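Residue-level listing of the chains:
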Amino acid sequence: MPVNEPASTGIRTVSHDLPESPEFASFMAGDWAPSPLPDGIRLPAADLTPARRARLSARFPGERLIVPAGELRVRSNDCDHRFRPHSAYAWLTGLTGEDQAGHVLVLEPDGPRGHEAVLHLRPRSPRTDNGFYRDRRYGEFWVGRRADLAEAERMTGVRCVPLAELPPGRNAAVDGELATVLSELRLVKDPWEVGQLQLAVDHTTTGFEDVVRALPSALGKPRGERWIEGVFGLRARAEGNGTGYETIAASGAHACVLHWIRNDGPLDARELLLLDAGVETDTLYTADITRTLPLSGRFSPVQRQVYELVLAAQDAGIAALRPGAAFRDFHRAAMRVIAEGLAEWGVLKNAEGEFHRRYTLCSSGHMLGIDLHDCAQARAEAYLDGVLEEGQVLTVEPGLYLQPDDETLPRELRGIGVRIEDDLVITADGARLMSGALPRTPDGVEEWMGALMEG
């Protein structure tokens, strides 16, 4: 990759670039054929975003609202992280590409009509401006074609103006009330969003199948967890924007670390693999699924014992999902099963109190959508302490994390981590399991793995 360095103009140039003569600049500026984007390109969500913006407008009459896409962030020296627009910006505009860095949506007060949406974009560099070949951060020859203002208007249905004309106003990046409202407006998904989430789930299911097929090869690798991560990542990039979050590929006792993303361990056929992974669609909606798999293809008796308790807890949680139920009900139902199971094993003296939390550590699910932990800025009374509504999408993911050094546990249980996580949409009379194509029962998992590994 060519070496870049920041310049005072904001254009990145290579440190060994030769000075540019007027003659060369003139040569580069001429003899370029027109290269417009194809006519008729319109974003998939463009017909939905006006109603979303209208709902936001109604909450802040007469105020200018600013929703930034976000800025590029340096990974090291002159290399940036891959860019993903802020979720609120993507939800309100339908723009989800890496070329949105630095762009801003402004809702301008517009009298009785509420607000007019205006997109402030970095215009495409004309061939008379050397940025198109010298700017290594935004130049077309370095990072690819971006829409000009007229093209962006056709794609979004929103008036577009140069980024330099950005005015001041209430900014969603720093305004807590605005961020809260934006979160709460996204709590209930429309049918198109549910369809995007189902697509993410379907691609994720295929990625899990890829992983199981790859297990015989991965077992022989010094860092088999990363082999698994790579296999799933290939599917995520081939089918969507990538993974919706860092893949957790946790073998053995690594499964007891809730956010194990180092993924640098080997795989042992005698142990379990906890795989927590999700494909993010090109429209930025992500799945979030976990399966705990016996690396040999079959659970040992103690592994099956732990797995069946977690599965019973998940079944209880899913059964508690319905419109009007408290959001926390499914977690309480799942934890009741966990506590009773631990008491039956003799790990706890009884199922009362909160002592089971030593072995579960976290909540049993969260809202899901254009963010992994969606709508996180919502007020507690609208989310965590609120009630479920038809159209909400969430995960149910109880787990048991039996630490390898926990002397309250029998030795045979230590170092076993099990989580089972599925994605569900609240329906009129309950919930629909979106990720049901992946087996959940221990017998189903063994049969599914056997067919894939032998095939």
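Worth saying up front: this structure is predicted, and the values here are computed from it rather than measured.

Explanation requested: the pairing of strand β12 (residues 289–294) in the structure shown.
On a regular strand, one side chain projects to one face of the sheet and the next to the other, so that they alternate. For β12, the buried fraction is high: six of the six residues fall into the buried class. Taking every second residue as pointing to the same face, both faces of β12 are buried, with Ile289, Arg291 and Leu293 on one and Thr290, Thr292 and Pro294 on the other. Bridge analysis of strand β10 (residues 272–277) against β12 gives six bridges, and the strand direction is antiparallel. Bridging across to β12, Leu275 finds its partner in Arg291.

What exactly am I supposed to notice about the layout of surface pockets here?
The gaps left among the atoms become clear once a water-sized probe is rolled over them. Considered as a void within the structure, the largest pocket measures approximately 800 Å³ in volume. Taken together, the elements giving at least two residues each to the lining of the largest pocket come down to α9 (224–239) and β8 (242–243). Take the lining of the largest pocket: its biggest share by element is four residues, from α9. Looking at the lining of the largest pocket residue by residue, the class counts come to six nonpolar, seven polar and eleven charged.

What's the story with the sheet that holds strand β6 (residues 159–162) in this structure? I'm lost.
Note: strands within a sheet are paired through backbone hydrogen bonds, in either parallel or antiparallel orientation. One open sheet holds the five strands; their spatial order is β6-β5-β4-β1-β7, and the pairing between them is mixed. The open sheet is flanked by β6 and β7 (170–171), the only strands paired with a single partner. As paired strands, strand β5 (residues 115–121) and β6 are joined by four bridges and run parallel to one another. When the bridges of β6 are listed, Leu119 appears paired with Cys160. Lying over the sheet, helix α2 (residues 49–59) contacts β1 (65–68), β4 (104–109) and β5, oriented at roughly 55° with respect to β4.

Would you mind going over the environment of Gln303 with me for this structure?
Tracing the chain through its elements places Gln303 in helix α10 (residues 301–319). In sequence terms Gln303 and Leu234 are 69 residues apart; their C-alpha atoms lie 30 Å from each other. Residues contacting Gln303, with those up to four places away along its chain left out, are Arg270, Glu271, Leu272, Pro294 and Arg298. Engagement of the side chain of Gln303 in a polar contact is seen with the backbone oxygen of Arg270, the distance being 2.9 Å.

I tried to follow the packing of α10 against helix α11 (residues 329–345) on my own but got confused; where do I start?
Following both chains from N to C, one finds α10 and α11 inclined at 150°, their axes separated by 7 Å at the closest point. Classified by the angle between their axes, α10 and α11 sit roughly antiparallel to one another. Crossing angle aside, the handedness with which α10 passes α11 is right-handed. Of α11, the residues touching α10 (which contributes Gln305, Val306, Leu309, Val310, Ala312, Ala313, Ala316 and Gly317) are Phe330, Ala333, Ala334, Val337, Ile338, Gly341, Leu342 and Trp345. Here the residues of the contact of α10 with α11 sort into 13 nonpolar, three polar and no charged.

Any chance you could explain helix α6 (residues 149–156) here in plain terms?
Since there are 3.6 residues in each turn of an α-helix, residues three or four apart along the chain are aligned in direction. Every buried residue of α6 is listed here: Glu151, Ala152, Met155 and Thr156. The buried residues of α6 occupy an angular sector of 120° when the element is viewed end-on, so they sit on one face. Against the buried residues of α6 lie α3 (87–93), β5 and β6. Two to three positions downstream of the cap, the backbone nitrogen of Ala150 sits 3.2 Å from a side-chain oxygen, assigning the N-cap of α6 to Asp148. Phi turns positive, to about 75°, at Gly157, one or two residues after α6.

Can you walk me through the pattern of salt bridges in this structure?
In a structure, side chains of opposite charge can pair up when their charged atoms sit close to one another. If you walk through the whole model with that rule in mind, you get 36 salt bridges. A salt bridge links Asp329 to Arg332, with the nearest nitrogen and oxygen atoms 3.1 Å apart. Of this pair, Asp329 and Arg332 are both found in helix α11, three residues apart, which corresponds to roughly one turn of the helix. A relative accessible area of 29% means that Asp329 is categorised as partly exposed. Arg332 gets classed as partly exposed once you look at its relative accessible area, which sits at 42%. Linking Arg419 and Glu397 is a salt bridge whose minimum nitrogen-to-oxygen distance equals 3.8 Å. Taken together, the positions of Arg419 in strand β15 (residues 416–419) and Glu397 in the loop between β13 (393–396) and β14 (399–402) put the pair 22 residues apart, joining distant regions of the chain. Considered together, Arg419 and Glu397 belong to a single accessibility category, that of buried residues.

Explain the sheet that holds strand β9 (residues 248–251) to me, please; I cannot follow it from the model alone.
The strand order across the open sheet formed by three strands is β9-β10-β12, and the pairing between neighbours is antiparallel. Strands with a single pairing partner mark the edges of an open sheet, and in this sheet they are β9 and β12. The average angle at which neighbouring strand axes cross in this sheet is 10°, direction not considered.

How do you make sense of the environment of His356 when you look at a structure like this?
Position of His356 among the secondary structure elements: in the loop between α11 and β13. Along the chain, His356 and Met335 lie 21 residues apart, while their C-alpha atoms are 7.9 Å from each other. When neighbours within four sequence positions are excluded, His356 is seen to be in contact with Met335, Ala339, Leu342 and Leu348.

Reading the values: rules and limits
Residues numbered from 1 in each chain as written. Predicted model: local features only at pLDDT ≥ 70, side-chain atom pairs only at ≥ 80, totals over all residues. Heavy atoms only, no water. Buried < 20%, exposed > 50% of the residue type's maximum accessible area, 1.4 Å probe, protein only. Helix = DSSP H or I, 4+ residues; strand = E, 2+ residues; numbered from the N terminus. Pairing = 2+ DSSP bridges. 1 Å grid on protein atoms, 1.4 Å probe; cavity = no way out; pocket = protein on both sides within 12 Å on 5 of 7 lines; lining within 4 Å. Points joined across faces, edges and corners; volume = space filled by probe spheres on them. Nonpolar A, V, L, I, M, F, W, Y, C, P; charged D, E, K, R; others polar. Contact = heavy atoms within 4.5 Å. Axes fitted to C-alpha atoms, helices over the stretch in contact; angles between N-to-C directions. Polar contact = N/O pair within 3.5 Å; in protein donor to acceptor, adjacent residues only side chain to side chain. Parallel < 35°, antiparallel > 145°, perpendicular 65-115°, else oblique. Left-handed = near helix turned anticlockwise from the far one by under 90°. Arc of directions from axis to C-beta. Salt bridge = Lys/Arg side-chain N within 4 Å of Asp/Glu carboxyl O.

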